[in-house]
Amino acid sequence: MGDDHAKFHEFLQRMVKETHNRSGFNREEYVALVNEISDYYGITKGVTEFYINVDRERKGDGETFCDVDRPGADKLAMEIRIETATKAVVKGLLYVPEDRADFTEQEKNELDLLLGLILSFLSRIRLVRTVEQFVFTDDDGYPNFRAFARHIIMKNETRSLPDMLAVHLDLHNFSMVNQEVGRENGNMVMRNFYLTIKKIAGEEGFVGRLGGDKFLGLFPPQAEKELLEVLSGTPIFYSDGGDRKIIVSASAGIFRIPEGFVFRHRGDIMEKTMVASAVAKRSEEGAIVFYDDKLLSMNERVKWVQSQFRMALTAEEFKVFYQPKVNVETCEIVGAEALCRWFHEGRMIPPLEFIPILEQNMDICDLDFYMLEHVCRDIRRRRDEGRHVVRVSVNLSRKHLVDVDLQQHIMEIIDRYEIPHNLIEIELTETTTDVHFRDLKQVVNDLQAEGVSMAVDDFGIGYSSLNLIREIPWDVLKIDRCFLPVDEEHSDSITSVMFKHVVSLAQDLGIECVVEGVETKKQVEMLRSNLCNIAQGFYFDRPLPAEDFERKLDLGNYD
């Protein structure tokens with residue numbers, strides 16, 4: 001047993017050598033030595049417990065290792081607990097058969113030294129792994145940005161970056177996934193999606209999470225086709241039985257690393273994927289955008305607009321243009337839509353060059369309120385001058401739907417200028433998500449209660465149009481130009497038939513119809529023949545500066 005002191009010294013020397021092996025930890029040799037020690041001292045089971053801190057120890061939230069486990073481990077013979085300088089806790093427990101005599105004092109001293117050395121060694125290894133895990137994974141166990149950067153650096157050192165696909169992706173509408181299947185199942189969906197694309201990346205590639213539902217990765221060129229198929233929409237299972245699934249898609253920015261690419265910093269790659277990803281998110285749902293130099297100039301444009309917006313707002317560089325709404329029977333101006341134009345240093349910046357950029361954050365809401373206030377100013381001035389006024393519609397972005405005080409904010413502006421509520425119309429576009437639909441319905445109901453007219457803009461281009469007019473009591477339906485037949489179409493064409501039925505449906509529901517994009521006399525005649533009385537479009541006028549619109553309004557009609 002333990003009476004041979006020389007054997008103990010042999011074990012001690014071998015253990016010291018093993019724990020200080022410069023060539024690296026050899027697990028097989030270590031386990032063999034631990035088993036020799038166990039045989040010598042009659043130990044049938046050796047257990048090591050590791051806890052990252054004392055609180056985790058109290059909760060029993062740690063890891064257990066067992067390199068020796070033989071029959072007859074009936075009695076706990078010895079226990080050692082070590083608390084490290086970092087407050088990690090490691091325990092060693094030795095078991096022996098019930099009929100084995102207690103350890104002698106010499107055996108206890110020897111085992112105390114050997115076990116202490118083993119525990120110190122194991123805690124050091126485990127702490128290194130813990131630090132590795134802390135630095136290179138997030139709280140949910142996904143590899144993080146540091147791990148991604150390390151992988152890129154390693155690939156660069158082996159000159160294997162060219163042709164690889166660097167990817168930055170956002171899962172599409174993942175909040176709706178959580179709502180549909182529950183957060184716990186949603187976490188499983190995200191994990192299984194990660195495992196799906198990780199498998200596509202293979203040994204050559206890498207996938208990590210940037211945060212939330214944003215992922216980044218590096219994929220070999222041969223994985224491109226399969227990757228794009230998955231990103232465009234793939235079924236992801238989320239039940240333990242593997243019988244429940246949901247389609248998950250993503251928008252993504254991809255940078256194909258070219259031959260001769262000079263890698264200086266991880267930002268050289270990340271910037272390009274993020275620029276492409278931002279463009280993808282502004283595009284249609286599930287868009288995939290590959291980086292090129294044009295995107296970089298576009299990104300610079302985004303930064304310029306965002307940096308200039310506040311100053312331009314203060315300087316009132318944004319001007320209200322009015323596009324008349326005309327009664328096709330009388331040619332009388334019966335209303336107008338307020339449209340924004342930006343004049344900067346003598347140049348007019350078209351809306352498409354700044355509106356989509358402002359919609360990336362809440363800046364668009366400030367612009368909408370600015371437009372509403374300027375419309376109210378114009379109406380107030382004309383009323384004070386005793387001149388004729390008409391109802392003016394102002395567009396509100398969907399971004400406003402998160403504002404729980406939206407009704408209060410809108411009415412504060414209208415009432416500040418003492419504008420009769422029926423002279424203001426708020427236009428809101430269709431929405432395609434259930435969450436936004438409920439918010440939209442609430443906004444419409446709240447503002448209608450104040451006497452403000454509510455219009456649904458671009459009706460017919462969303463996915464829930466019929467439900468939209470069934471569930472929400474709109475005052476005005478603005479029919480998108482896609483429903484308006486062009487001159488060459490016959491009266492029995494699909495577009496003509498759909499137009500007639502959409503107008504008829506709105507009339508039956510008691511909703512006022514306004515048709516956008518009216519450009520020809522024949523289209524005006526089609527409106528008249530379908531008893532749709534209000535037109536908006538270039539046939540009558542383009543959007544006009546306030547002074548020009550008011551001159552037309554003073555004339556009264558287009559005869």
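Now for a look at the structure at hand. As the structure is a computational prediction, the values presented were derived from the model and not from experiment. (Residues numbered from 1 in each chain as written. Predicted model: local features only at pLDDT ≥ 70, side-chain atom pairs only at ≥ 80, totals over all residues. Heavy atoms only, no water.)

### Quick word on the overall build of the protein
Part 1 of the argument: Of regular secondary structure, the protein possesses 18 helices and 21 strands.
Part 2 of the argument: Over its C-alpha atoms the protein spans a radius of gyration of 35 Å, topping by over 25% the 24 Å that the globule rule assigns to 559 residues.
Part 3 of the argument: Out of the 559 residues in the protein, the part that is buried amounts to 47%.
Part 4 of the argument: Within the protein, residue pairs in contact and separated by at least 24 positions form 67% of the contacts whose partners lie at least 6 positions apart.
Part 5 of the argument: Counting only carbon and sulfur atoms, one obtains 51% of the accessible surface of the protein, whose full area is about 28,600 Å².
Part 6 of the argument: With 68 positive and 97 negative side-chain charges, the protein shows a separation of 3 Å between the mean positions of the two kinds. (Helix = DSSP H or I, 4+ residues; strand = E, 2+ residues; numbered from the N terminus. Rg over C-alpha atoms; globule rule 2.2 N^0.38 Å. Buried < 20%, exposed > 50% of the residue type's maximum accessible area, 1.4 Å probe, protein only. Contact = heavy atoms within 4.5 Å. Areas by Shrake-Rupley, 256 points an atom, 1.4 Å probe, with all protein chains shown as cover. Lys, Arg positive; Asp, Glu negative; His and termini not counted. Charge placed at Lys NZ, Arg CZ, Asp CG, Glu CD.)

### Re the pattern of salt bridges
Part 1 of the argument: Counted according to the given criterion, the structure contains 43 salt bridges.
Part 2 of the argument: For Arg416, the salt bridge identified is with Glu373, shortest N-O distance 2.7 Å. Note that Arg416 is positioned in helix H13 (residues 406-416) and Glu373 in helix H12 (residues 363-384), a separation of 43 residues in sequence.
Part 3 of the argument: Each member of the salt-bridge network shares a partner with another, and the members are Lys325, Glu337, Arg391, Glu425, Glu427, Lys478, Glu512 and Glu516. (Salt bridge = Lys/Arg side-chain N within 4 Å of Asp/Glu carboxyl O.)

### Section: the pairing of strand E18 (residues 476-479)
Part 1 of the argument: Residues Val476 and Lys478 of E18 are buried on one face, and the alternating residues Leu477 and Ile479, pointing to the opposite face, are buried as well.
Part 2 of the argument: As paired elements, strand E17 (residues 453-459) and E18 share three bridges and run parallel to each other. Within E18, the residue paired with Phe459 across the bridge is Ile479.
Part 3 of the argument: Pairing of E18 with strand E19 (residues 512-516) involves four bridges; the strand directions are parallel. Looking at E19, one finds that Ile479 is bridged to Val515.
Part 4 of the argument: Note that the unit made of E18, helix H16 (residues 494-508) and E19 has a crossover that is right-handed. (Pairing = 2+ DSSP bridges. Right-handed = clockwise from strand over helix to strand, strands pointing away.)

### Some points on unusual backbone geometry
Part 1 of the argument: Although it is not a glycine, Arg159 sits at a positive phi angle of roughly 55°.
Part 2 of the argument: Residue position: Arg159 is located in the loop between helix H5 (145-157) and strand E5 (165-171).
Part 3 of the argument: Unusually for a residue other than glycine, Cys331 sits at a positive phi of about 60°.
Part 4 of the argument: If you trace the backbone, Cys331 turns up in the loop between strand E12 (318-327) and strand E13 (333-344).

### Brief notes about the nonpolar core
Part 1 of the argument: Counting 81 residues, the largest nonpolar core has Phe318, Leu367, Ile424 and Trp474 as the members making the most contacts within it.
Part 2 of the argument: With 10 residues, H12 is the single largest residue contributor to this core.
Part 3 of the argument: The contact partners of Phe318, leaving out residues within four places of it in the chain, are Phe309, Ala312, Leu313, Cys340, Arg341, Trp342, Phe354, Leu367 and Tyr370.
Part 4 of the argument: Grouped together as the second largest cluster of nonpolar side chains are 29 residues, Leu169, Phe174, Met190 and Phe193 included. (Core = buried A, V, L, I, M, F, W, Y, C linked by side-chain atoms within 4.5 Å.)

### Concerning the packing of aromatic side chains
Part 1 of the argument: Under the counting rule described, the total for this entry stands at 18 aromatic pairs.
Part 2 of the argument: Consider the rings of Phe255 and Tyr291, whose centres lie 5.7 Å apart with planes at 85°: the pair is edge-to-face. Here Phe255, found in strand E10 (residues 250-256), pairs with Tyr291, found in the loop between strand E11 (288-290) and helix H10 (293-314); they are 36 residues apart in sequence, far enough to count as distant.
Part 3 of the argument: The interplanar angle of 75° and the centroid separation of 6.1 Å between the aromatic rings of Phe318 and Tyr370 together place this pair among those described as edge-to-face. Here Phe318 is found in strand E12, whereas its partner Tyr370 is found in helix H12, with 52 residues between them in sequence.
Part 4 of the argument: One aromatic cluster in this structure is built from Trp304, Phe309, Phe318, Trp342, Phe354 and Tyr370. (Phe/Tyr/Trp six-rings, centres within 6.5 Å; stacked < 30°, edge-to-face > 60°.)

Interpretation in functional terms is not warranted from these geometric data alone.
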